[in-house]
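Structural characterization, general
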There are 2 protein chains.
Amino acid sequence: MTSTPAPIAFWFDFGSPYSWIAATQVADIAARCGRPLHWRAFLLGVLFRETGMAPLSEQRLRGAYAARDVARLARWHELPFATAVAPPGCSLALARVFHALDLASPSLAARFAAAAMTATFGHGAVLADLPAAQVFAARLGPEAAAAAAGAMAPPAREALRATTQAAAQGGIFGAPFFVADGEPFWGQDRLPMLEAWLREGGWSSRGKVS
Amino acid sequence: MTSTPAPIAFWFDFGSPYSWIAATQVADIAARCGRPLHWRAFLLGVLFRETGMAPLSEQRLRGAYAARDVARLARWHELPFATAVAPPGCSLALARVFHALDLASPSLAARFAAAAMTATFGHGAVLADLPAAQVFAARLGPEAAAAAAGAMAPPAREALRATTQAAAQGGIFGAPFFVADGEPFWGQDRLPMLEAWLREGGWSSRGKVS
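Residues numbered from 1 in each chain as written. Chains lettered and ligands numbered in written order. Predicted model: local features only at pLDDT ≥ 70, side-chain atom pairs only at ≥ 80, totals over all residues. Heavy atoms only, no water.

If you look chain A up in an unreviewed UniProt entry, it shows as 2-hydroxychromene-2-carboxylate isomerase from Falsiroseomonas oleicola. Per UniProt, chain A has the following entry under Sequence similarities (unreviewed entry): "Belongs to the GST superfamily. NadH family." Its UniProt record gives chain A a comment under Catalytic activity (unreviewed entry), which states: "2-hydroxychromene-2-carboxylate = (3E)-4-(2-hydroxyphenyl)-2-oxobut-3-enoate". (UniProt positions renumbered as here; feature names shortened; annotations may be inferred.)

All names here are of chain A. Taking 1.5 Å per residue, 16 residues should reach 22 Å; helix α9 (residues 154-169) reaches 22 Å between its end C-alpha atoms and fits that length. Within α9 the residues assigned to the buried category are Ala-156, Ala-159, Leu-160, Thr-163, Thr-164 and Ala-167. All buried residues of α9 lie within an arc of 125° about the axis, which places them on one face of the element. Residues of α9 that are exposed and point more than 90 degrees away from the buried face comprise Pro-154, Pro-155 and Gln-169. Remark: Gly-171 follows α9 within two positions and exhibits a positive phi of approximately 80°. (Helix = DSSP H or I, 4+ residues; strand = E, 2+ residues; numbered from the N terminus. Expected span 1.5 Å × (residues − 1). Buried < 20%, exposed > 50% of the residue type's maximum accessible area, 1.4 Å probe, protein only. Arc of directions from axis to C-beta.)

Quick look at the sheet that holds strand β4 (residues 183-186) of chain A now. All names here are of chain A. Here we have four strands laid out as an open sheet, ordered β2-β1-β3-β4, and mixed in their pairing. Of all strands in the sheet, those with a lone pairing partner are β2 (37-41) and β4, marking the two edges. For this sheet the average axis-to-axis angle between neighbouring strands, irrespective of direction, equals 20°. Bridge count between strand β1 (residues 8-12) and strand β3 (residues 177-180): four bridges; the pairing is antiparallel. If you follow Trp-11 over to β3, its bridge partner there is Phe-177. Packed on one face of the sheet, helix α6 (residues 106-123) meets β1 and β2 and runs near 60° to β2. (Pairing = 2+ DSSP bridges. Axes fitted to C-alpha atoms, helices over the stretch in contact; angles between N-to-C directions. Contact = heavy atoms within 4.5 Å.)

Take the relation of the copies chain A and chain B next. Of the two same-sequence chains, chain A is brought onto chain B (RMSD 0.0 Å, axial shift 0.0 Å) by a rotation of 180°. Between the two chains, the operation in question is that of a two-fold axis. Of the C-alpha atoms belonging to chain A, the one lying closest to the rotation axis is found on Asp-189 of chain A, 3.1 Å away. Of the interface residues in chain A, 100% have counterparts in chain B that sit at the interface too, so the contact is made through matching surfaces. (Least-squares fit on C-alpha atoms with pLDDT ≥ 70 in both.)

The next subject is the side chain of Arg-35 of chain B. All names here are of chain B. Checked against the element boundaries, Arg-35 lands in the loop between α2 (26-33) and β2 (37-41). The buried category is assigned to Arg-35, whose relative accessible area is 18%. Within polar-contact distance, the side chain of Arg-35 engages the side chain of Asp-181 at 2.7 Å. Among residues more than four places away in sequence, those in contact with Arg-35 are Pro-5, Ala-6, Ile-8, Ala-30, Asp-181 and Leu-198. (Polar contact = N/O pair within 3.5 Å; in protein donor to acceptor, adjacent residues only side chain to side chain.)

Taken residue by residue, the interface counts 42 residues in chain A and 42 residues in chain B. For the pair chain A and chain B, the number of links is eight salt bridges. Here Arg-68 of chain A ties to Glu-183 of chain B by a salt bridge, and the two come within 2.8 Å at their closest N and O atoms. In this structure, the connection of chain A to chain B is made through 13 residue pairs in polar contact (both at pLDDT 80 or more). Taken together, the elements giving at least two residues each to the side of chain A that touches chain B come down to α3 (44-51), α4 (60-76), α6, β4 and α10 (191-200) of chain A. (Salt bridge = Lys/Arg side-chain N within 4 Å of Asp/Glu carboxyl O.)

Turning our attention to the packing of helix α5 (residues 90-104) of chain A against α6 of chain A. All names here are of chain A. Across the interface, α5 lies against α6 with an axial gap of 7 Å and an inter-helix angle of 160°. As summarised for this structure, α5 and α6 are arranged roughly antiparallel, according to the angle between their axes. Crossing of α5 against α6: the hand is right-handed. Between α5 and α6, the residues in contact are Cys-90, Leu-94, Val-97, Phe-98, Leu-101, Asp-102 and Ala-104 and Pro-106, Leu-108, Ala-109, Ala-110, Phe-112, Ala-113, Ala-116 and Thr-120, respectively. When grouped by side-chain class, the residues that make up the contact of α5 with α6 number 13 nonpolar, one polar and one charged. (Parallel < 35°, antiparallel > 145°, perpendicular 65-115°, else oblique. Left-handed = near helix turned anticlockwise from the far one by under 90°. Nonpolar A, V, L, I, M, F, W, Y, C, P; charged D, E, K, R; others polar.)

Another aspect to go through is the packing of α10 of chain A against helix α4 (residues 60-76) of chain B. One way to put it is that α10 of chain A packs onto α4 of chain B with a least axis distance of 12 Å and a crossing angle of 65°. Crossing hand, α10 of chain A versus α4 of chain B: left-handed. Every residue of α4 of chain B that contacts α10 of chain A at Pro-192, Met-193, Ala-196 and Trp-197 of chain A is listed here: Asp-69, Arg-72, Leu-73, Arg-75 and Trp-76 of chain B. Considered class by class, the residues forming the contact of α10 of chain A with α4 of chain B number six nonpolar, no polar and three charged.

This next bit is on the sheet that holds strand β1 (residues 8-12) of chain B. All names here are of chain B. Spatially, β2-β1-β3-β4 is the arrangement adopted by the four strands of the open sheet, whose pairing is mixed. The sheet is open, and its two edges are formed by β2 and β4 (183-186), each paired on a single side. Here the strands of the sheet are splayed against their neighbours by 20° on average, with no regard to which way each runs. This element, α2, spans β1, β2 and β3 (177-180) of the sheet and lies at about 150° to β2. Contacting β1 and β2, helix α6 (residues 106-123) runs over the sheet at an angle of about 60° to β2.

The next subject is the pairing of β4 of chain B. All names here are of chain B. As defined by bridge partners, β3 adjoins β4 across four bridges and the pair is classed as antiparallel. Its bridge partner being in β4, Phe-177 is matched across the sheet by Trp-186. Counting the residues that bridge the hairpin from β3 to β4 gives two residues, and of these Asp-181 lies at a positive phi of roughly 55°.

Structure representation (structure tokens):
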């Protein structure tokens, strides 16, 4: 078959530390599986209002555990680590700039996303308002700087709104979330399963053993 | 060193399908790492009342996802599969019998736990009241049958109560949950990380790379 392989959709929120860990791994997995990767930044907080779920950091026991778990994951994967809690505002500011870049160049937007999450969680950068996010984007070069300037223009705002709506309609209820060939995978810890699923073409044909 | 290695504590609830998947894997991990395994059945529902969390099956989107995810995990690991939702009452009935067996023989209790969860989730058995749970235990032999008869006696009831209280006091907020050398791991999907942690003696000595 010479048709383009179907992409892996990578749904993420810039404020989600597990999205960051996933972002450091998922491109390699897509490459190994010969799949394009579609980076989709959405606003998890908007979905939480619909599902009644709460951010990890607001859940007493799970929040403390997650902070420890993210630090441990970072050490395990030899990533830099500064914090598991994104500064307030960074999710929205970075998502706005991401979509402005994405309209110009999806690959540039993906580079921006990976770099911004590593800056936030790995190095403690505070990219929590639009100017800070735009300045950060400009480090990727003049094309990025020019595109980031449109973060508050209608096309970028509409892209973010539509992506978040698509997440809600698609049953995405957390981040990171992956969809490949219609199969949903929730959480960074599902990446090995996603890769196995893609390599083996799913396991429905194995049937039930019972 | 000739002292006994510290055990891995395996906290589980009989109504948790992810506890079942973990139960099919954790004994092998403990054996590979040269650690004893301490099976600790507790009542997750009691903890939920304290943490404000809810069972997966009562969460709209997550519940539907979890049902699909457990079925998929079972296929991946070539386990039998019947349901991801335990019958009401099975968590309490099986935990009572487990603790009666555990007082007589921890290894017998562990065999019972593994078999009962595979029966429940793998084959759709309804072990949802005390007589059914006791009859199931009796299949493991006369020692199990005799011990299971004490499921409503004060020692077994007190063991279940104390274990659930120890879970709450120990910060256990979900199932399955593992603790090794003081390090907490939540979820079946953390088993590879638990094994890596034990093999490498943790990663705190690696320090931060930032």
